[in-house]
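This is what each chain is made of:
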Amino acid sequence: MDKNLSGEDNDSIDWDTEDELEIQEIPDTTFSSCTNLRNVGQHTAHCHGEASSSSVPCQSKFIQQFIVMGFPEESIAKAIEQNGENEDLVLDALLTFKALEDSPEEQPSTSLQLEPCISSDDSSSQYSESFLDDIYEEDSWSSNSDNCINSADQCYLRDESSSLSEKEQTLLFLANMGYPVEEASIAMERCQKASLAELIDFMCAAQMAREEDVYLPEDVKPKLNSGGYKKRKMYNELCIRKKQRALLDEETIALPNPMIGFGVPTESVPGIVQRILPEQAIGPPYFYYENVALAPKGVWDAISRFLYDIEPEFVDSKYFCATARKRGYVHNLPIEGRYPLLPLPPRTIHEAFPLTKKWWPSWDTRIKLNCLQTSIGSARLADRIRKAMEAMENFGGEPPVRVQKYVLYECRKWNLLWVGRNKVAPLECDEVEMLLGFPRNHTRGGGISRTDRYKSLGNSFQVDTVAYHLSALKDLFPKGINVLSLFSGIGGAEVALYRLGIPLNNVVAVEKSEVNRNIVRSWWEQTNQRGNLIDFDDVQKLNGDRLEHLIDSLGGFDLVIGGSPCNNLTGSNRVTRDGLEGEDSALFFDYVRILELVKSIMSSRRV
């Protein structure tokens, strides 16, 4: 683990995992797959042959483990009566009861419909606010598309429950527990004579051996039609998808450790960093390009090749603030004399949110937050965690290891904070702004929805990190700077330059999202900028004629900065992760095109 002044060498999180989901542990699947974690404060159990009303202490641990999983006590008693205290048989019976209870008595005459899922792409938000508000009350308004697939599998299996064989019935049990059908099928093929408990252990071990996919683009969701799915066709399609994901996993770039680039304020770089830029790359104009560090193998080599073979600088923002953000930067900025923004931002969770320390359990070892997403956990998830914690308190204090794993997994996954006794909550928008270095209420107001605020923030720069790199320009442009900001988002580069005290003489901001353009315009006016802000909505329309006009009227650009969409690069996109050939990430070549045009036009003007 990287060492730094915040003491995160004691942190157990593996910060070298996927950028979009930096979670080390997969929880005990048997526990986490339960859809309801009930408070067992008032239950009736048979103890020594007698009924006891709300007498939790007399309940055996054998009964308690199934109550905590969410099974009704009546069903537990019935299963024990039929099978004795055999954990595998009782669990098998309980799942059978649940499957029969959930199975419809009659087949629906109309086609089944799935609730839509939201993909976690990094493009501009185009979703309906009312639709997202509805989804937000579910487990997440950025739902896992794999869960959608699993829901489809379960719907199909339930429709045909009356004709299932023993093998298919086992598949149904595992699907109802939350396991994807393709995983259950593979486990059953490889462990043909295994018990249900052994199958669960097998799949749990398989899940822990790989990264979990949280987001899957919406365009690959299965559609249910009136005829339903054919099992073999569905199984084959899911297996093909799994093989594609495995192939992509093998092509991920190896990142440096520690990820501190050419240096960060709190870490010393081993040896003296020197780099020699090719002559054609020496500024002005200076340029600065950013994208996700964990791109498929070969992507950063291509980016470097198109940007004058300059070595990327890979930096994790955990060295600047309390949250991780692995990014790669290709630039021709000086690397000497850089300095951080003051005051230094909080660099641990408890520094950033001191009131949480009172409620923080000892077994939650997080010191840093994971990479901030465009999505958050829901109130329903927080309520399930509260009930799980309270249920364990009734049985004598600290929750068992499997409950701790489940809770800690969800806390890491959704960056949940402890805000009260047994209470967790997702980050609020203003808290995300603070962590990313933006001023308070930067994205608030003007008709901007809460959903769009999270999305815009999740796609932005981490201001303190970028400002550290741009600080080398302070002495070079004491009278101000002209900036061409491509894919400008919510103005992370502009805020960084402003906080560094570099006057913004002219800024041409190109951003597709009208929401983001309004945020930047509002910030520009509220901070009383004296320069000119000119915005465009499409980099592809920024051609040579427009650039010539801008350069002639503004006197040229001193800095060309931006980060093209990472939709087809990010590790969380396992289906359209097509690298720089992807529809959105191919916009990188527009950054290259525009940079070359700017350099060419400005060079001709100097002759």
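The structure presented is a predicted model; accordingly, all values stated were derived computationally and were not measured.

1. As for the side chain of Arg 327
Residue placement: Arg 327 occurs in strand β5 (residues 326-331). Accessibility expressed as a relative area gives 7% for Arg 327, which makes it buried.

2. Some points on empty space enclosed by the protein
Taken as a whole, this structure holds 5 cavities of 30 Å³ or more when the rule is applied. Taken as a whole, the largest cavity spans an internal volume of roughly 110 Å³. Of the residues in the lining of the largest cavity, the class split is 6 nonpolar, 3 polar and 1 charged.

3. Thoughts on the sheet that holds strand β4 (residues 313-316)
With respect to topology, 7 strands assemble into an open sheet ordered β4-β5-β3-β11-β8-β9-β10, the strand pairing being mixed. Each edge of the open sheet is held by one strand with a lone partner, namely β4 and β10 (532-536). With strand direction ignored, the average angle separating the axes of adjacent strands in the sheet is 20°. As judged from the 4 bridges shared by strand β3 (residues 286-292) and strand β11 (residues 559-562), these two strands associate in the parallel manner. Directly across from Tyr 288, in β11, lies its bridge partner Ile 561. Lying on the sheet, helix α11 (residues 299-306) is in contact with β3, β4 and β5; it crosses β5 at an angle near 20°. Strand contacts of helix α18 (residues 492-499): β8 (481-486), β9 (504-510) and β11, with the helix running at about 165° to β9, the strand carrying the most contacts.

4. Thoughts on the packing of aromatic side chains
The relation between two aromatic rings is expressed through the spacing of the ring centres and the mutual angle of the planes. If you walk through the whole model with that rule in mind, you get 13 aromatic pairs. Ring plane angle 90° and centroid distance 6.0 Å describe the contact between Trp 363 and Trp 418, whose orientation is recorded as edge-to-face. Here the residue Trp 363 occupies a position in the loop between α12 (349-352) and α13 (379-393), and Trp 418 occupies one in strand β6 (residues 417-420), the gap between them amounting to 55 residues. Classification of Trp 418 as buried rests on a relative accessible area of 1%. A centroid spacing of 6.3 Å and a plane angle of 65° characterise the contact between Trp 523 and Trp 524, whose relative ring orientation is edge-to-face. With respect to burial, Trp 523 and Trp 524 carry one shared label: buried. An aromatic cluster of three or more residues is present, and its members are Tyr 289, Phe 306, Phe 588, Phe 589 and Tyr 591.

5. Some words on unusual backbone geometry
Asn 257 connects to Pro 258 through a cis peptide bond whose omega is 5°. Looking at the element boundaries, Pro 258 is found in the loop between α10 (231-249) and β3. Here the bond from Leu 342 into Pro 343 is cis, since omega is 0°, no more than 30 degrees from zero. Mapping Pro 343 onto the fold places it in the loop between β5 and α12. Despite not being glycine, Tyr 308 shows a phi value in the positive range, around 65°. Position of Tyr 308 among the secondary structure elements: in the loop between α11 and β4. With a phi close to 60°, Asn 422 is a non-glycine residue in the positive phi region. Summarising the element assignment, Asn 422 is placed in the loop between β6 and β7 (423-425). Take Asn 422: its relative accessible area is 9%, and that puts it in the buried class.

6. So, α13
The end-to-end C-alpha separation of α13 is 21 Å, in line with the 21 Å expected for 15 residues at 1.5 Å each. Buried within α13 we find Leu 381, Ala 382, Arg 384, Ile 385, Ala 388, Met 389, Ala 391 and Met 392. Between the side-chain oxygen of the N-cap and the backbone nitrogen of Arg 380 there are 3.3 Å, and the N-cap of α13 in question is Ser 378.

7. So, the pairing of β4
Here β4 shows a buried face lined by Glu 313 and Val 315 and a second buried face lined by Phe 314 and Asp 316. Where β4 and β5 come together, 4 bridges link them in antiparallel fashion. The residue bridging Asp 316 from the neighbouring strand is Lys 326, located in β5.

8. Notes on the UniProt feature "active site" (unreviewed entry) in the protein chain
Feature annotation in UniProt assigns "active site" (unreviewed entry) to the following positions: Cys 566. Within the fold, Cys 566 resides in the loop between β11 and α21 (588-606). A residue is classified by how much of its surface remains accessible, and Cys 566, at 8% relative accessible area, is buried.

9. Some thoughts on the side chain of Asn 332
Note on placement: Asn 332 falls in the loop between β5 and α12. A relative accessible area of 2% means that Asn 332 is categorised as buried. Only 2.6 Å separates the side chain of Asn 332 from the backbone oxygen of Ala 281, close enough to count as a polar contact. Here the side chain of Asn 332 touches Phe 287 through a polar contact of 2.7 Å, landing on its backbone nitrogen. The contacts of Asn 332, once residues within four sequence positions are left out, are Arg 275, Leu 277, Ala 281, Ile 282, Gly 283, Pro 285, Tyr 286, Phe 287 and Ile 310.

10. Concerning helix α8 (residues 181-190)
Along an α-helix, residues three or four positions apart point the same way, because every turn accommodates 3.6 residues. A large share of α8 lies buried, amounting to 8 of its 10 residues. Three or more residues of α8 are buried, namely Val 181, Glu 182, Glu 183, Ala 184, Ser 185, Ile 186, Ala 187 and Met 188.

11. Considering the pairing of β11
Of the two faces of β11, the one holding Leu 559 and Ile 561 and the one holding Val 560 and Gly 562 are both buried throughout. Bridging between β8 and β11 involves 4 bridges; their strand directions are parallel. Directly across from Leu 486, in β11, lies its bridge partner Gly 562.

12. Remarks on the state of the cysteines
A covalent bond bridging the sulfur atoms of two cysteines is what the word disulfide describes. Evaluation of the coordinates by the stated rule reveals 0 disulfides. In this model Cys 321 remains outside any disulfide bridge; the closest cysteine sulfur is found in Cys 371, 9.9 Å from its own.

13. Regarding the packing of α13 against helix α14 (residues 401-414)
One way to put it is that α13 packs onto α14 with a least axis distance of 11 Å and a crossing angle of 155°. Classified by the interaxial angle, the pair formed by α13 and α14 is roughly antiparallel. Note on packing geometry: the crossing formed by α13 with α14 is left-handed. Between α13 and α14, the residues in contact are Leu 381, Arg 384, Ile 385, Met 389 and Met 392 and Val 403, Tyr 406, Val 407, Glu 410 and Trp 414, respectively. Grouping the constituent residues of the contact of α13 with α14 by class yields 8 nonpolar, no polar and 2 charged.

Calculation rules
- Residues numbered from 1 in each chain as written.
- Predicted model: local features only at pLDDT ≥ 70, side-chain atom pairs only at ≥ 80, totals over all residues.
- Heavy atoms only, no water.
- Helix = DSSP H or I, 4+ residues; strand = E, 2+ residues; numbered from the N terminus.
- Buried < 20%, exposed > 50% of the residue type's maximum accessible area, 1.4 Å probe, protein only.
- 1 Å grid on protein atoms, 1.4 Å probe; cavity = no way out; pocket = protein on both sides within 12 Å on 5 of 7 lines; lining within 4 Å.
- Points joined across faces, edges and corners; volume = space filled by probe spheres on them.
- Nonpolar A, V, L, I, M, F, W, Y, C, P; charged D, E, K, R; others polar.
- Pairing = 2+ DSSP bridges.
- Axes fitted to C-alpha atoms, helices over the stretch in contact; angles between N-to-C directions.
- Contact = heavy atoms within 4.5 Å.
- Phe/Tyr/Trp six-rings, centres within 6.5 Å; stacked < 30°, edge-to-face > 60°.
- Expected span 1.5 Å × (residues − 1).
- Polar contact = N/O pair within 3.5 Å; in protein donor to acceptor, adjacent residues only side chain to side chain.
- UniProt positions renumbered as here; feature names shortened; annotations may be inferred.
- Disulfide = S-S within 2.5 Å.
- Parallel < 35°, antiparallel > 145°, perpendicular 65-115°, else oblique.
- Left-handed = near helix turned anticlockwise from the far one by under 90°.

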